[in-house]
Amino acid sequence: MFSPVCDGASNSGCESSKESSRSSTPVLDTDRTDRLRDKMRRRTESGDHWFSLEFFPPRTASGAVNLISRYVAEALACSSNSALSFELENYHLFDRMGSGGPLFIDVTWHPAGDPGSDKETSSMMIASTAVNYCGLESILHLTCCNQTKEKITGYLSKAKRLGLKNIMALRGDPMGADWEEEEAGFNYATDLVKHIRCEFDDYFDICVAGYPTGHPEAESYDEDLRHLKEKVDAGADFIITQLFFRADTFLKFVRDCRAIGITCPILPGIFPIQGYQSLRQLVKLSKLEVPEEIMQVIEPIKDNDAAIRNYGIEQAVGMCRVLLESGEVPGLHFYTLNREVATMEVLRQLGLWIEDPRRTLPWAVSAHPKRKVEDVRPIFWASRPKSYIYRTQDWDDFPNGRWGNSSSPAFGELNDYYLFYLKSKSSKDALLKMWGEELTSEQSVYEVFTSYITAQPNVAGHKVMCLPWNDDPLAPETNLLKDELDKVNRRGVLTINSQPSINGKPSSDPIVGWGPPGGYVFQKAYLEFFTSSENVTALLKVLKKYEPRVNYHIVNVHGQNTTNAHDMQPNAVTWGIFPGREIVQPTVVDPVSFLYWKDEAFALWIEQWAKLYEDESPSRMIIKYIHDNYFLVNLVDNDFPLDNCLWQVIDDMFELLDNPPEEQPAEQTAEQPNDEQSDKEQPGK
């Protein structure tokens with residue numbers, strides 16, 4: 001929600017701003033067509049309405065996890081534990097609301113919450129996570145309140161370094177009752193806009209606040225409009241307004257802005273009324289008056305939150321329809337209060353909430369400008385895209401078109417499992433319920449994997465909704481393999497990644513499709529799993545008869561590895577053909593990257609599972625035994641037009657284990673003849 005901003009006359013300009021360290025801000029090349037203002041222009045010209053969403057930073061670390069993470073809604077229905085259900089309800093805000101297709105989100109700035117720090121609850125980190133790990137175009141609020149010019153420049157440099165490209169320039173609320181002059185900083189949003197333009201040229205797209213009824217501190221409505229024009233003339237690209245309750249209020253404001261020469265986009269701030277107390281608090285902070293006709297409806301039902309929310313949805317939908325039909329409003333900006341129900345329902349009724357199952361690429365993309373050309377990744381991180389982004393964040397260039405032949409991709413170490421965007425979304429208590437309060441054998445672990453695959457309750461009656469390597473329920477694509485996965489996991493082939501073979505499915509396919517319409521996608525069957533050394537011994541014997549059709553790579557935690565990958569070259573396992581484009585191959589099995597991935601894959605046994613239990617406890621020792629002794633295996637079936645042969649490979653392995661060939665006595669060797677031969681060779685017998 002916007003903080004009130006006073007936009008009086010500017011007192012400082014570009015010359016005074018140049019005291020800041022311009023030279024400390026490196027130039028970062030960006031794809032100009034991907035700028036937010038360009039996206040707005042294209043959508044406006046096409047007549048395609050859009051929406052955007054505002055969030056505020058959570059107060060707690062667990063709140064940060066909840067804000068950025070997602071659990072599929074069915075987890076609530078599947079869970080038999082009420083406490084777990086309550087926990088799961090909050091695990092999906094960015095992902096859930098991002099799935100409806102917002103043009104952008106924005107994150108507010110709260111001076112009292114150390115907003116520019118590296119804390120997981122800071123505005124800076126939440127906005128950075130939204131961009132880098134959730135793929136959401138994001139605007140970071142920045143205020144003048146209690147900040148020097150140098151500190152502001154430092155925050156802007158940090159934002160740029162983190163991949164943030166959009167700033168909401170605000171004066172901000174006073175820390176006390178009245179605004180106190182910032183002698184070493186700025187006292188007006190206009191000066192902040194000028195400073196951004198002087199120090200960072202055109203790198204940032206800048207948004208400023210507008211007030212449809214005039215700012216409460218302005219001498220008059222007309223004076224406030226003049227100050228708004230000053231902000232736009234100083235370099236602002238678009239305006240988002242404070243909330244209002246009547247469509248006519250906003251439309252008059254737009255006409256008045258156009259009359260004085262403000263031509264940039266003006267987006268209305270929409271607040272669906274969700275509760276009596278939240279409305280009162282909002283009105284108090286924004287110093288707005290609620291129209292009498294709204295209060296007459298709300299007062300009699302003020303103790304009925306559901307009734308108020310339903311009215312708020314109805315009121316917001318009616319107002320938004322008037323705005324969109326006016327021809328003056330290209331998009332709507334929603335103040336969510338970090339709640340999803342009311343906003344999503346308003347958008348659905350307006351026809352703006354569209355969950356398009358099509359994916360740009362088979363994996364979750366990042367919105368960081370330097371990753372915009374990235375279109376190839378190793379398959380190993382398919383279920384841990386945030387980890388992959390984290391480990392490659394220092395790369396200067398990203399694979400585009402093909403993975404290449406690099407023999408040593410510089411993956412960063414993953415030691416920061418505690419980071420809120422890398423650790424599990426579930427609490428320790430929830431994980432113990434899913435993975436076992438007490439393990440008695442390796443078979444106990446097999447049962448956890450099987451419960452996850454089948455979506456059936458574990459022995460304690462709890463649904464297993466995640467594993468250390470997969471923090472969400474099974475993807476629809478993996479469900480295609482559920483029966484076979486169930487069978488092999490029960491016998492200790494502990495699968496953590498898989499994909500079926502696909503031969504020319506339309507890119508619009510709701511399960512395996514990706515890329516632009518009119519294309520076709522292809523996949524080689526892939527299977528990745530942990531299994532015992534005994535199984536690996538049998539598997540290696542079996543694999544000999546499947547070469548060269550099957551590529552394999554087998555490694556343990558100590559780095560002992562075996563592969564038949566030709567010259568350690570990458571193997572494309574997903575590709576697509578689209579009209580007017582070259583073939584795109586976004587997923588590869590790369591032997592070199594696999595050796596980096598294995599460190600992370602093995603570490604998750606300890607970091608996320610073993611550490612749930614006391615030191616030296618039987619449960620912890622079972623997990624540690626698996627970590628120390630099992631192998632990580634990946635298999636690729638190169639003959640994608642044929643039926644997947646990998647299940648037969650595993651069946652053959654089990655057959656060999658169940659019915660081993662008769663072995664020669666231990667004392668006999670190839671050089672030692674048996675007794676019958678010896679008798680024939682010894683005369684006189």
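Described below are features of the structure shown in this document. (Residues numbered from 1 in each chain as written. Predicted model: local features only at pLDDT ≥ 70, side-chain atom pairs only at ≥ 80, totals over all residues. Heavy atoms only, no water.)

Check the secondary structure of the protein chain and you find 25 helices and 18 strands. Sorting the 685 residues of the protein chain into buried and exposed places 56% on the buried side. Sequence-distant contacts, at least 24 apart, represent 75% of the contacts inside the protein chain between residues at least 6 apart. Accessible surface, the protein chain as shown: approximately 30,100 Å² in total, 48% of it carbon and sulfur. (Helix = DSSP H or I, 4+ residues; strand = E, 2+ residues; numbered from the N terminus. Buried < 20%, exposed > 50% of the residue type's maximum accessible area, 1.4 Å probe, protein only. Contact = heavy atoms within 4.5 Å. Areas by Shrake-Rupley, 256 points an atom, 1.4 Å probe, with all protein chains shown as cover.)

One pass over the full model with this rule turns up 30 aromatic pairs. Taken together, the ring pairs in this structure connect Phe380, Trp381, Tyr388, Trp395, Phe398, Phe411, Phe594, Tyr596 and Trp597 into an aromatic cluster. Here Lys160 stacks its cationic end above the ring of Tyr203, 4.7 Å away from the centre of that ring. Of note, Arg491 hangs over the ring of Phe654, and the distance from its end group to the ring centre comes to 4.2 Å. (Phe/Tyr/Trp six-rings, centres within 6.5 Å; stacked < 30°, edge-to-face > 60°. Lys NZ or Arg CZ within 6 Å of the ring centre and 35° of its normal.)

Here we take up the environment of Val283. Among the secondary structure elements, Val283 is positioned in helix α12 (residues 276–286). Placed 40 residues apart in sequence, Val283 and Leu243 show a C-alpha to C-alpha distance of 9.6 Å. What Val283 contacts, discounting residues up to four positions off in sequence, is Leu288 and Val290.

Looking now at the nonpolar core. The tendency in soluble globular proteins is for nonpolar side chains to be buried as a group. By size, the foremost hydrophobic cluster in this structure holds 77 residues, and its most contacted members are Trp435, Val445, Trp469, Phe530, Trp605, Trp609 and Leu635. Per-element accounting of this core gives the leading share, eight residues, to helix α22 (residues 591–609). Apart from the residues lying within four places of it in its own chain, the contact partners of Leu635 are Ala525, Tyr526, Leu527, Phe529, Leu543, Val550, Asn551, Tyr552, Leu646, Val649 and Ile650. One finds Leu140, Phe186, Leu192 and Ala234 within the second-largest nonpolar core, a separate group that totals 72 residues. (Core = buried A, V, L, I, M, F, W, Y, C linked by side-chain atoms within 4.5 Å.)

Following the sequence through the fold, Leu540 ends up in helix α21 (residues 533–543). We classify Leu540 as partly exposed; its relative accessible area is 27%. Considered as a pair, Leu540 and Tyr552 are twelve residues apart in the sequence and their alpha carbons are 9.4 Å apart. Apart from the residues within four sequence positions on either side, Leu540 is in contact with Tyr552, Ile554 and Thr562.

Counting across every chain of the model gives zero disulfides. This cysteine, Cys257, is not joined by any disulfide, and Cys264 carries the nearest cysteine sulfur, 8.0 Å off. Note on Cys257: relative accessible area 0%, which makes it buried. (Disulfide = S-S within 2.5 Å.)

The strand order across the open sheet formed by five strands is β10-β13-β18-β14-β15, and the pairing between neighbours is antiparallel. The two strands at the open ends of the sheet, each matched to only one other strand, are β10 (494–499) and β15 (561–563). Averaged over neighbouring strand pairs, the angle between their axes works out to 10° when direction is ignored. The pairing of β10 with strand β13 (residues 525–531) spans five bridges and is antiparallel. Bridge pairing links Gln499 to Tyr526 in β13. Against the sheet, α21 touches β13, β14 (550–556), β15 and β18 (631–637), its axis set at about 155° to β14. Against the sheet, helix α24 (residues 646–658) makes contact with β13, β14 and β18, and its axis sits at roughly 30° relative to β13, the strand it touches most. (Pairing = 2+ DSSP bridges. Axes fitted to C-alpha atoms, helices over the stretch in contact; angles between N-to-C directions.)

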